[in-house]
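Chain by chain, the residues run as shown.
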Amino acid sequence: MFLTLFQSRSPHTNLNPSSGCFFLILVLSLSCIFPNLTHASCNAIDRDSLLSLSLSTSVPLNWSSGGDCCNWEGIFCDGNHRVSRLWLPFRGLKGTISPSILNLTGLSQLNLSHNSLYGPIPDGFFGSLNRIQIIDLSYNRLSGQLPSANFLPVSIQSVVLSGNQLNGTIQSLFFQSASNLTAFDVSNNSFTGPMPSSICVNSPLVKFLDFSINAFSGQIPQGFGGCLELEVFRAGFNLLSGKLPSDIYNAGALQQISLPANKIIGQIDARIVSLTNLRIIELFGNGLNGTVPADIGALSNLEQLHLHINNLTGTLPPSLMNCTNLKILNLRVNSLEGDLSSLDFSKLSQLSTLDLGNNTFTGSLPVSLFSCISLTAIRLANNRLEGQILPGIVALQSLSFLSLSTNNLTNFMGAIRILVGCRNLSTVIISKNFYNEALPGDENIVDSEGFQKLQVLALGGCNFTGQIPSWLAKLGKLEVLDLSYNHITGLIPGLFGSLPNLFYLDLSCNLLSGEFPKELTQLPGLVSEEAADQINRSYLELPFFVQPDNVSYLQYNKLSNLPPAIYLRNNGLSGNIPVEIGQLKDIHVLDLSMNNFSGNIPDQLSNLTNLEKLDLSGNHLTGEIPPSLSRLHFLSWFSVADNNLQGSIPTGGQFDTFPISSFERNQGLCGAVLHHPCSPQPNSLRPSAPDKSRKKKIIIGLIIGICFGVGFTLTMLALWILSKRRILPRGDTDKVDIETISFNSNSGISTEFVKDASLVMVFPNNTDDIKNLTITEILKATDNFNQANIIGDMGLMEREFKAEVEALSTAQHKNLVSLQGYCVHDGCRLLMYSYMENGSLDYWLHEKPGGKRPMEVFKPKISRELVVSVQQMRNEGKQDEVFEPLLRGKGFEEEMRQLLDVACMCVNQNPLKRPTITEVVNWLQNIGATGQPPK
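Cut-offs used in this document
- Residues numbered from 1 in each chain as written.
- Predicted model: local features only at pLDDT ≥ 70, side-chain atom pairs only at ≥ 80, totals over all residues.
- Heavy atoms only, no water.
- Disulfide = S-S within 2.5 Å.
- Helix = DSSP H or I, 4+ residues; strand = E, 2+ residues; numbered from the N terminus.
- Buried < 20%, exposed > 50% of the residue type's maximum accessible area, 1.4 Å probe, protein only.
- UniProt positions renumbered as here; feature names shortened; annotations may be inferred.
- Core = buried A, V, L, I, M, F, W, Y, C linked by side-chain atoms within 4.5 Å.
- Contact = heavy atoms within 4.5 Å.
- Salt bridge = Lys/Arg side-chain N within 4 Å of Asp/Glu carboxyl O.
- pLDDT = per-residue confidence, 0-100.
- Pairing = 2+ DSSP bridges.
- Polar contact = N/O pair within 3.5 Å; in protein donor to acceptor, adjacent residues only side chain to side chain.
- Axes fitted to C-alpha atoms, helices over the stretch in contact; angles between N-to-C directions.
- Phe/Tyr/Trp six-rings, centres within 6.5 Å; stacked < 30°, edge-to-face > 60°.
- Lys NZ or Arg CZ within 6 Å of the ring centre and 35° of its normal.
- Arc of directions from axis to C-beta.

### Thoughts on the state of the cysteines
Using the criterion set out here, one finds four disulfides in the structure. For Cys42, the disulfide goes to Cys69, at an S-S distance of 2.0 Å. Its S-S torsion of about 140° marks the bond between Cys42 and Cys69 as right-handed, since a negative value means left-handed. Here Cys42, found in the loop between helix 1 (30–33) and helix 2 (44–52), pairs with Cys69, found in the loop between helix 2 and strand 3 (75–77); they are 27 residues apart in sequence, far enough to count as distant. Accessibility classification places Cys42 together with Cys69 in one group, the buried group. Across the disulfide, Cys200 is cross-linked to Cys227 (sulfur-sulfur distance 1.6 Å). Taking the torsion about the S-S bond as the criterion, the Cys200 to Cys227 disulfide, at about -95°, is left-handed. Here Cys227 lies in the loop between strand 15 (215–219) and strand 16 (232–234) and Cys200 lies in helix 4 (residues 199–202), a separation of 27 residues in the sequence. Exposure remark for Cys200: the relative accessible area of 6% places this residue in the buried category. Cys227 gets classed as buried once you look at its relative accessible area, which sits at 0%. In the chain, numbering the disulfide-bonded cysteines from first to last in sequence yields the connectivity 1-2, 3-4, 5-6, 7-8.

What follows is the structure, given as structure tokens:
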């Protein structure tokens, strides 16, 4: 017998073959379907139709016009020599799905999944293939709407279209004949509108439905309760609202209900316990309220319960402990309460992940929890727990992730002595506990085998006294250490230099003294990218968050995504900043503010080319700001306020974007940003006119040569760097949660709007006569920077404006719009391009009279509508309308179409579908070649 195994899986859930969420589609034996397979000669129409598909691949298919197509790769024929099976998944296929596939009228199984096919599904696709049973086109780049004139044929059993760029609505009529349908998966696309409501009426045998990661809206319609065979129902990460349909509890065969990240409200109906086959409940990231159903323990098959990030109240029902098959219990970020120690967890022997963080539970750590020997991750952070960490926790030898931060635990020395016995621990977050206790200095508190897998240790916000303990040097795998917001005194020891993997160190807001230890300038994890590449890149058992109440977007799932950083803010450190600090080539954040550092700012800081934040404010630094710092093109936050600096503020690079607050209270500083111009320096030795002219020409020549070389080099390096760098989280830094590891409230990026003096810069190589352009003329042309004339996102350009200008100014090509210069005036920034008589792409997509309505400024819609609009125009053959007239008729139309396809991929609504920088570069290099880039 021939068995085809189908699995459809959400990005959040792993299912195994015994789960019932795998679908075995039983097909007649090969001997019955293909009795003359070895001797058949395929139908000529089928052979010609296959050759007309014109599917390209790097490793050619063994298809030839002279051969028997029944023997071709991926092809099987039935007893009538008709092609019945086309099976080419993971084959690297490129191109569109040709309408010639509609001639394969004997086709019963089609699988072209996990390739690079693009364009729409051909009209008549479903109607013409009236024998088709299995369709799998998942994980391509197909676009457009489902063919409106068709509906699924009676023969269809499984349709899998996930992981594409399909859009539009799905009408209920689409299913009107699909009486044999068992699986339908359109997840990870761009479908909109209401969910189809009559599936269960037309397809009563359906077992698997997945509508997740789209833009379906409105209420979940009544009717799904009529799917008496339905086992898996997924519609998470949409825009669904309202209450759960009341008849859903009639679908007695349900094993998984997954509706996370929507706007579903109301209480969890007590009737959910009637769905006794449920194994997975995913309702997180909604607006559910009320209590957890009292009889939830009746769900004896339940393995995963995800109700986090809702508005649930009350206590945990004791019956929950009867769910003895439970493996994952996640209730974080609700308003649940009660004495946690009164619950008996001992029967949950299979429990591997417990997350009850960000509630209001009281009591002590439940002793019964230590009987759950399968536990690998526990988070009880941000509750009101008291007492001590008890010795019984060492029974949890599989425990890797432990977060108990922001409670009222005591006896830190005892806790460390006990936790050393949990040999598998990799993450320990116990910050904001043990208030005003002393850090134990006994070197023997950690034995030679203790904490040998520990990568993250967070002890911030405890008001610890004493000095930095020497036993930290024994933690050879340590990568992240947070000792911030304590009362630690003494010197920063050199032991940190012996930790080969440490790349994130936060000692801010303590009472440390002495100089900046040179051992910190030799941290292997910050000195070179080669060492940084050794950082553990595996996924954490539980993510930690920039904001605790987010669903999925502002979280760290890997340590390697944390920005490499040293925070020494608000201590009593003194002396000079060592020049050796320039060795920290991979550091992204350096915060030395609010100390007593003196001397000059070392020029070697300009070697830190990955630096995103540099804070030297609140010290006693003297001298000038090194002009070389303007070469730090990723620097988005900078401050030297409250020092004794003098001289002119550097210009160029990111320095043209920093606000006045970055330089305030330095009496000797001058520059345009401070509205205090620098006085010209007296020069008694003026060179003669010929010498001056000759020197000027030499300088200009050198500058042009250097700028060209540096610009070309930076452009090429930036593509490589951006593919590897770890970016600081942007957002409201006041909402940084304990699970970010650091308590440092300044670890985010300021978004303060910048107001600069007026500046007009015109590039010397521009071809238009605008060299004498003034700010007055620009104000007149833009109607004083009227909002109606803005075509770019001001917030997006705010911090990276100058870096963008520098990069764009080096991009000179006859097919690119020429950047002529830029203007800065009163906080507004303007890029000056050559005039394009047809207007902007935004105009043609969203503002053209008779075209699509203007887009609303809403982050998810921008990229989504852009992709849809461009793809629709391409499918209609109208994309040439957005091309500059100078390019039309020049033979570049196909290249420009390919370029638009790459651009659409780069702004895809789903980050998982966006290509990497390496892929973009490769595709752009291949534009115009024989092979087209993936769509």
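### Side note on the UniProt feature "domain: Leucine-rich repeat-containing N-terminal plant-type" (unreviewed entry) in the chain
Residues annotated by UniProt as "domain: Leucine-rich repeat-containing N-terminal plant-type" (unreviewed entry) correspond here to residues 46–78. As a span, residues 46–78 carries 21% helix and 9% strand, and end to end its C-alpha atoms are 12 Å apart.

### Brief notes about the nonpolar core
One finds Leu86, Phe233, Phe496 and Phe663 to be the most contacted residues of the largest nonpolar core, which totals 196 residues. Sorting elements by how many residues they give to this core places helix 5 (residues 412–419) first, with five residues. Beyond its immediate chain neighbours, meaning those up to four positions away, Leu86 contacts Leu50, Leu53, Trp63, Gly74, Ile75, Ile101, Leu107, Gln109, Leu110, Asn111 and Leu112. The next biggest cluster of nonpolar side chains, apart from the first, holds five residues, and it includes Phe401, Ile429, Ala458 and Leu542.

### Some words on the pattern of salt bridges
Taken as a whole and judged by the stated rule, the model has 13 salt bridges. Ionic pairing is found between Asp48 and Arg47, a salt bridge with its closest N-O pair at 3.6 Å. In this structure Asp48 comes out as partly exposed when scored by relative accessible area, which is 41%. A relative accessible area of 23% means that Arg47 is categorised as partly exposed. Three or more residues are tied together by salt bridges with common partners; here these are Arg332, Asp355 and Arg379.

### Topic: the confidence of the model for the chain
For the chain, the mean per-residue pLDDT works out to 79, and 69% of the residues sit at or above 70. Under a pLDDT of 50 for its full length, residues 698–704 has, in the predicted model, zero contacts with residues more than four places off or in other chains. With pLDDT under 50 throughout, residues 842–867 is counted as low confidence; its partners more than four residues away or in other chains account for 40 contacts.

### Describing the pairing of strand 9 (residues 141–145)
Of all five residues making up strand 9, four are buried, and the element is well covered by its neighbours. Examined bridge by bridge, strand 7 (residues 116–119) and strand 9 share two bridges and lie parallel to one another. Its bridge partner being in strand 9, Tyr118 is matched across the sheet by Arg141. Bridging between strand 9 and strand 11 (residues 165–168) involves three bridges; their strand directions are parallel. Pairing of Gln145 across the sheet is with Asn167, part of strand 11.

### Looking at the side chain of Ser49
Mapped onto the fold, Ser49 is located in helix 2. Accessibility expressed as a relative area gives 3% for Ser49, which makes it buried. At a separation of 2.8 Å, a polar atom in the side chain of Ser49 contacts the main-chain carbonyl oxygen of Ile45. Contacts of Ser49, omitting those with residues within four sequence positions, involve Ser100, Asn103 and Leu104.

### Side note on the sheet that holds strand 45 (residues 620–622)
Ordered by their spatial adjacency, five strands build an open sheet running 35-37-41-43-45, and the pairing between neighbours is parallel. Only two strands of the sheet have a single neighbouring strand rather than two, namely strand 35 (489–491) and strand 45. Each adjacent strand pair in this sheet contributes to an overall mean axis angle of 15°, direction not counted. The pairing of strand 35 with strand 37 (residues 511–514) spans three bridges and is parallel. Bridge pairing links Gly490 to Leu512 in strand 37.

### Let's talk about the packing of aromatic side chains
Enumeration according to the criterion identifies 19 aromatic pairs in this entry. With a centroid separation of 6.1 Å and 55° between ring planes, the pair formed by Phe184 and Phe211 is classed as tilted. Taken together, the positions of Phe184 in strand 12 (residues 183–185) and Phe211 in the loop between strand 14 (208–210) and strand 15 put the pair 27 residues apart, joining distant regions of the chain. For the pair Phe184 and Phe211, one class covers both residues: buried. Here the aromatic rings of Phe655 and Phe658 are separated by 5.4 Å at their centres, their planes lie at 75°, and the arrangement is edge-to-face. Each member of the pair Phe655 and Phe658 is classed as buried. For the cation-ring pair, Arg85 lies above Trp87, with the distance from its terminal atom to the ring centre recorded as 4.2 Å. Here Lys613 stacks its cationic end above the ring of Trp637, 4.9 Å away from the centre of that ring.

### Notes on the sheet that holds strand 21 (residues 287–290)
Sheet architecture is open: 12 strands sit in the order 5-7-9-11-13-15-17-19-21-23-25-27, paired in parallel fashion. Single-partner strands in this sheet number two, and they are strand 5 (94–96) and strand 27 (360–362). Within this sheet the neighbouring strands show an average axis-to-axis angle of 15°, counted without direction. Looking at chain direction, strand 19 (residues 263–267) and strand 21 are connected through three bridges and run parallel.

### Side note on the environment of Leu584
Relative to the elements of secondary structure, Leu584 occurs in the loop between strand 41 (572–576) and strand 42 (589–591). Along the primary structure Leu584 and Pro564 are separated by 20 residues, whereas in three dimensions their C-alpha atoms are 9.9 Å apart.

### Details of unusual backbone geometry
If you check the backbone angles, Asn188 has positive phi at about 60° while not being a glycine. Owing to a relative accessible area of 9%, Asn188 belongs among the buried residues under this scheme. Its identity as a non-glycine residue notwithstanding, Asn463 has a phi of 60°, on the positive side. Along the chain, Asn463 turns up in the loop between strand 33 (456–458) and strand 34 (480–482).

### Things to note about helix 2
Listing the buried residues of helix 2 in full gives Asp46, Ser49 and Leu50. Along the long axis of helix 2, the arc covered by the buried residues comes to 100°, so they all point the same way. Elements that come into contact with the buried residues of helix 2 comprise strand 3 and strand 4 (83–87). Residue Asn43 occupies the N-cap position of helix 2, its side-chain oxygen lying 2.8 Å from the main-chain nitrogen of Ile45. Within two residues after helix 2, Ser54 carries a phi angle of roughly 50°, on the positive side.

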